[in-house]
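# Understanding the architecture of this molecule
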Amino acid sequence: MASAATAVSAEEGLPHLSSQAYLEGKAVGESCALVADLCRHFYNLGWVTGTGGSITVKVHDDAVPKPHQLIVMSPSGVQKERMVPEDMYVLSGSGAVLSAPSQKPYPHKPPKCTDCAPLFMKAYQMRNAGAVIHSHGMESCLITMLHPFSKEFRITHMEMIKGIQGHGYYDELVIPIIENTAHERELTESLSQAMAAYPKATAVLVRNHGIYVWGDSWINAKTQAECYHYLFDAALKLHQLGIDYSSPSHGLIGSTNAFQDKNKRLNDAVKALENGEHCPETSRHCVVLDIEGTTTPITFVTDVLFPYARDNVRKHLVSTYESDETKEDIKLLRTQIEEDLKQGVSGSVPIPPNDDAKNDVVESLVTNVEAMIKADRKITSLKQLQGHIWRAGYENKELQGIVYEDVPEALKKWNANGTKVYIYSSGSREAQKLLFANTLYGDLRKYLSGFFDTTVGNKRESRSYLEISQTVGVDKPSQILFVTDVYQEAVAAKAAGLEVLISVRPGNAPLPDNHGFKTICSFAEV
């Protein structure tokens with residue numbers, strides 16, 4: 001094992017990391033002691049009882065690049081509250097075991113590294129994490145069982161959301177849910193798929209099991225884990241009271257007139273809980289809205305947003321080139337452009353390697369992005385970059401979101417009636433939030449329960465709408481009203497079982513004769 005470990009470290013160009021002196025040094029020792037302390041603390045919180053759950057941290061060393069820093073992992077099948085630093089495994093940055101604990105006398109089992117190791121490594125490799133926590137906390141298990149077919153947990157307008165990296169009070173927190181398996185290692189592929197599909201997520205829930213949480217340091221991971229468990233506990237208690245934790249107003253579930261009957265139903269719910277009874281939950285109903293031609297004039301996108309992104313793409317890439325966010329944008333663009341070149345897509349040009357001159361990389365990216373914008377391509381890599389450019393425009397007051405004058409009043413009405421409203425647009429979720437946060441009528445996000453973009457699927461494919469119906473928690477797709485100006489989207493949504501209205505606004509494309517859909521010219525008609 002020692003020679004293999006040395007080979008691994010040598011490949012990384014840091015052979016000293018596998019030396020006995022380094023493994024027995026202060027940095028490794030403190031990290032092992034830290035994991036033992038955290039395990040005892042989390043045991044008292046109920047997160048790692050019954051030998052379940054696990055913790056891992058990177059051995060921080062300023063002289064070692066983070067991807068190559070050593071990793072400390074807790075063992076498997078060990079009483080977490082009784083662990084000591086000598087029980088820990090030490091791994092190389094690539095996951096090879098460098099140091100293992102000694103066998104303890106009966107009744108202790110032979111030492112074994114945590115079964116979570118392959119999943120922990122995904123967080124290190126895909127998120128450049130500094131620590132990962134796997135909790136079996138009861139609330140993290142139960143929250144996945146409220147809606148057995150939902151693939152996401154969503155909550156908004158709760159103070160503790162601010163403790164989650166990249167989120168604020170008004171934001172909707174979305175955590176992917178993957179299905180459990182008989183063996184922990186079998187979760188590795190579905191976990192990595194969820195991490196890829198939700199690039200901003202810092203956690204993944206496992207149904208009927210628990211949660212994986214990561215952060216750039218152990219403090220960050222611990223803070224977020226505590227906030228997640230608080231939010232799950234709050235959501236479970238709100239659900240028991242019949243209160244919808246996923247909507248901005250936190251109105252009563254299924255209420256037809258939340259403002260008129262809220263106190264009565266809340267009192268009834270409290271009495272039911274006191275008597276040991278369960279609160280009945282009625283069917284949910286919600287509205288899903290397109291943006292272009294539905295809530296917002298098409299001209300705002302074609303004549304304002306697109307030109308702004310096109311005119312500022314070079315400036316944005318140059319000024320933010322070294323940021324992690326722009327590096328991720330460039331990575332996505334590279335992948336898309338490589339595929340475009342294979343398919344012979346017009347306007348595509350090769351991108352030089354990252355280690356080439358910055359100006360050469362930027363100029364080739366600008367050429368590709370301009371061609372994508374001109375062709376109005378509905379692709380995630382373009383939409384994500386545009387969203388980041390538009391964010392700067394909104395922050396600089398160079399852009400202001402435009403919605404039709406009937407939109408704010410309709411959103412208020414639906415919110416008051418307990419009807420959840422979602423946005424589904426080809427623009428990125430961030431771009432959608434920016435538009436509704438910066439309107440002439442103020443921040444309208446308080447009336448919106450969530451945002452969907454093309455990561456859920458193409459808007460002209462019925463399976464995308466089936467995915468949305470499973471996510472928003474309705475009993476059947478027909479309980480969703482979808483409003484769009486695009487005939488092909490209406491057809492796809494109807495095929496999935498949704499109720500559909502087509503928005504007829506000035507400047508919208510003409511509809512086919514005998515299209516068979518009910519049309520509206522204003523949300524006041526809904």
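Bear in mind that the values here come from a model prediction, so they are computed numbers and not experimental data.

### Description of the environment of Gly418
With respect to the helices, strands and loops of the structure, Gly418 is situated in the loop between α13 (406–416) and β11 (420–424). What makes Gly418 partly exposed here is its relative accessible area of 23%. Here the alpha-carbon distance between Gly418 and Ser135, two residues 283 residues apart in the chain, equals 33 Å.

### Comments concerning unusual backbone geometry
Look at the link from Tyr106 to Pro107: it is a cis peptide, with omega at 10 degrees. With respect to the helices, strands and loops of the structure, Pro107 is situated in the loop between β4 (97–99) and α4 (117–127). Although it is not a glycine, His157 adopts a positive phi angle of roughly 55 degrees. Assignment of secondary structure puts His157 in the loop between β6 (152–156) and β7 (172–178).

### Points about the sheet that holds strand β15 (residues 518–520)
The strand order across the open sheet formed by six strands is β12-β11-β10-β13-β14-β15, and the pairing between neighbours is parallel. Whereas interior strands pair on both sides, the edge strands pair on one side only; in this sheet they are β12 (450–452) and β15. Going from strand to strand, the sheet's axes swing by 25 degrees on average, the running direction of each strand aside. Of the pairings in the sheet, the one linking strand β10 (residues 286–289) to strand β13 (residues 480–484) comprises four bridges and is parallel in character. Of the residues in β13, the one forming a bridge with Val288 is Phe482. In this fold helix α16 (residues 487–495) packs onto β13 and β14 (499–503), with an angle of close to 170 degrees to the strand it touches most, β14.

### Things to note about the UniProt feature "binding site: substrate 2" (unreviewed entry) in the protein chain
According to UniProt, the feature "binding site: substrate 2" (unreviewed entry) maps to Ser425, Ser426 and Lys459 in the numbering used here. With the annotated positions falling across 35 residues, the maximum pairwise C-alpha distance of 7.8 Å places them together in a single cluster. Filtering the just-named annotated residues for those lining the second largest pocket gives Ser425, Ser426 and Lys459. Here Ser425 lies in the loop between β11 and α14 (429–437). When sequence neighbours within four positions are dropped, the list of residues in contact with Ser425 reads Ile291, Gln432, Phe452, Asp453, Thr454 and Lys459. A polar contact is formed between the side chain of Ser425 and the backbone nitrogen of Gly427, at a distance of 3.1 Å. Relative to the elements of secondary structure, Ser426 occurs in the loop between β11 and α14.

### Examining the pairing of β6
For β6, a buried count of five out of five residues is recorded, marking the element as mostly surrounded by other parts of the structure. Going residue by residue along β6, you find Glu152, Arg154 and Thr156 tucked away on one face and Phe153 and Ile155 tucked away on the opposite face as well. Two elements, β6 and β7, share five bridges in a ladder whose sense is antiparallel. Note that in β7 the partner of Arg154 across the bridge is Val174.

Calculation criteria
- Residue numbering note: each chain is counted from 1, following its sequence as written.
- Per-residue local features of the predicted model are confined to residues with pLDDT of at least 70, and side-chain atom pairs are confined, for both listing and counting, to 80 or more; whole-chain, interface and lining totals are unaffected and use all residues.
- Computation of side-chain values covers all heavy atoms of the structure but excludes hydrogens and water.
- Comment: elements are numbered from the N terminus, with helices defined as DSSP H or I runs of at least four residues and strands as E runs of at least two.
- Each residue is placed in one exposure class: buried if its accessible area under a 1.4 Å probe, protein chains only, is under 20% of its type's maximum, exposed if it is over 50%, and partly exposed if it falls in between.
- For two strands to be treated as a pair, DSSP must find no fewer than two bridges joining them.
- Axis geometry follows a simple rule: fit a line to the C-alpha atoms, using only the stretch in contact for helices, then measure angles between N-to-C directions, giving values from 0 to 180 degrees.
- Between two residues, a contact is recorded if the distance between any of their heavy atoms is within 4.5 Å.
- UniProt positions are given in the numbering used here, feature names are shortened, and annotations may be inferred rather than shown by experiment.
- As defined here, a cavity is a set of points on a 1 Å grid over the protein atoms alone where a 1.4 Å probe fits but cannot get out. A pocket is an open set with protein on both sides within 12 Å along at least five of seven lines, and residues line them when an atom is within 4 Å of a point.
- Pairs of N or O atoms are called polar contacts if they sit within 3.5 Å, as long as, within protein, a hydrogen donor faces a hydrogen acceptor (for residues adjacent in sequence, only side-chain-to-side-chain pairs).

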